[in-house]
Amino acid sequence: MKKIFTNILLLSLTMIIAALPQAKAQTTISTGDMVITSKLMTFHNGIYVARGGIKAEQKDSTMTADRGIYDQELEVVKAIDNVKVTQPDTVLTADYLEAYPKEDRLLARGNPKVTRIIERNKNNSDEKGSKTRIILTCNEVESFNKEDRFLAKGNVKVIEVEYRESETEEEAAENEKKPITQITCEYMEMFSKEEKAICRNDVEIITDTLTATGDKAIYLNLSSQVTIVGHAHAQQVSKEKGTNKNQTSELFANKILYYPDEERTIAVGNVHATVYPGSDSGKKDKDKGKDKKKDKKKKKKAKKTEDDEFDVEEADIDENLQDVPAGDFTEIGGDNSDE
């Protein structure tokens, strides 16, 4: 009995030892400057199939997924389930991803999400600004690493939140419920080196004090400036001069320039502006029953003051045209107008 038990024990140990090298072994293949590794990989007709997890490294980019396929003839890597691509200050997650090593290009579908850490309010190269976290979601993301740009297509939503170095995942998720800025559109093109983003089609920008819409918007992070063109419309809440009351300004123009750090807005071309004065909280309405003619005169006077204010601001625009980024702007009522 003792001998049988010993033989079984020795057999079990032999099987475990024999299995250990296989558990640790990894298959490694290369395509261009990309190195692909997997614990369990099979090969047939020029196609590698990785089922034991896959890891692909290229330059400063690392991709991981639950499983993947490498087509040797087409030179394309397909990652499936729990896909994650990590680059300096940027993380991309998705359900499915295609990587083209020779083109240095990525295409992600299935709930793609891009998270990037950026610095805002930088006045020069020696001065560091405050960090914020940008979260982008959409239907499809395509990245062109050689050009330092990527495209987001379909139901694009971008939020910017405050960034804290030591925040937990739960704290980060809670922080995302209070965005500094939210942008939605159908198509967005971003340029990493220039820190510039171009949004197109059904653009909407929302901050604590501003809601703006247009056909196209250009965001420049370095100068903290947003330019909205094509049926540009904005509503902004600000303090009335000399009071603590809030007032809402509504603008229609060919171009609207918005400076988030200063909460300043400039309208350019075919400007139509309306100001809706606010009132103190708890203040009773004492104007009820007053003479309509007197009320009409007040409105007329307020309208004149408002027009004078915006005439002056529009007259000063020519001196600041260097702040307007180059672009194919849509003119309202001009030769390029659709209407």
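In case you missed it, the structure is sitting above this.
Residues numbered from 1 in each chain as written. Predicted model: local features only at pLDDT ≥ 70, side-chain atom pairs only at ≥ 80, totals over all residues. Heavy atoms only, no water.

Which parts of the structure should I look at to understand the overall build of the chain?
Check the secondary structure of the chain and you find three helices and 21 strands. Here the chain holds 339 residues, and 39% of them are scored as buried. Looking at the chain alone, contacts between residues at least 24 apart form 41% of all its contacts between residues at least 6 apart. Surface summary for the chain: the accessible area is close to 21200 Å², and the carbon and sulfur share equals 50%. (Helix = DSSP H or I, 4+ residues; strand = E, 2+ residues; numbered from the N terminus. Buried < 20%, exposed > 50% of the residue type's maximum accessible area, 1.4 Å probe, protein only. Contact = heavy atoms within 4.5 Å. Areas by Shrake-Rupley, 256 points an atom, 1.4 Å probe, with all protein chains shown as cover.)

Before we go on, may I ask you to explain the pattern of salt bridges in this structure?
Close approach of charged atoms allows side chains of opposite charge to pair. The final tally for this structure, using the stated rule, is 17 salt bridges. With its nearest N and O atoms 4.0 Å apart, the salt bridge here joins Glu57 to Lys55. Residue class for Glu57 comes out partly exposed when judged on its relative accessible area of 36%. Here Lys59 makes a salt bridge to Asp104, at a shortest N to O gap of 3.4 Å. A residue pair is termed long-range when its members are at least 10 positions apart, and Lys59 in the loop between strand 5 (54-58) and strand 6 (61-65) and Asp104 in the loop between strand 9 (90-100) and strand 10 (105-109) qualify at 45 residues. Salt bridges sharing common partners tie together Glu103, Arg105, Arg109, Glu140, Glu142 and Lys153. (Salt bridge = Lys/Arg side-chain N within 4 Å of Asp/Glu carboxyl O.)

Before we go on, may I ask you to explain the packing of aromatic side chains in this structure?
The description of an aromatic ring pair rests on the distance of the ring centres and on the angle between the ring planes. Within this structure, the stated rule accounts for two aromatic pairs. With a centroid separation of 4.5 Å and an interplanar angle of 45°, the aromatic rings of Phe43 and Tyr48 are classed as tilted. Ring centres of Tyr48 and Tyr70 lie 5.9 Å apart, and the angle between their planes is 25°; on these two criteria the pair is classed as stacked. Of the two residues, Tyr48 is situated in strand 4 (residues 47-50) and Tyr70 in strand 7 (residues 67-71); the sequence distance between them amounts to 22 residues. The exposure class assigned to Tyr48 is buried, which follows from its relative accessible area of 18%. Look at Tyr70 and you get buried, because its relative accessible area is 6%. Counting every residue linked through ring pairs, the aromatic cluster contains Phe43, Tyr48 and Tyr70. (Phe/Tyr/Trp six-rings, centres within 6.5 Å; stacked < 30°, edge-to-face > 60°.)

Purely geometric stuff here, so don't read any function into it on its own.
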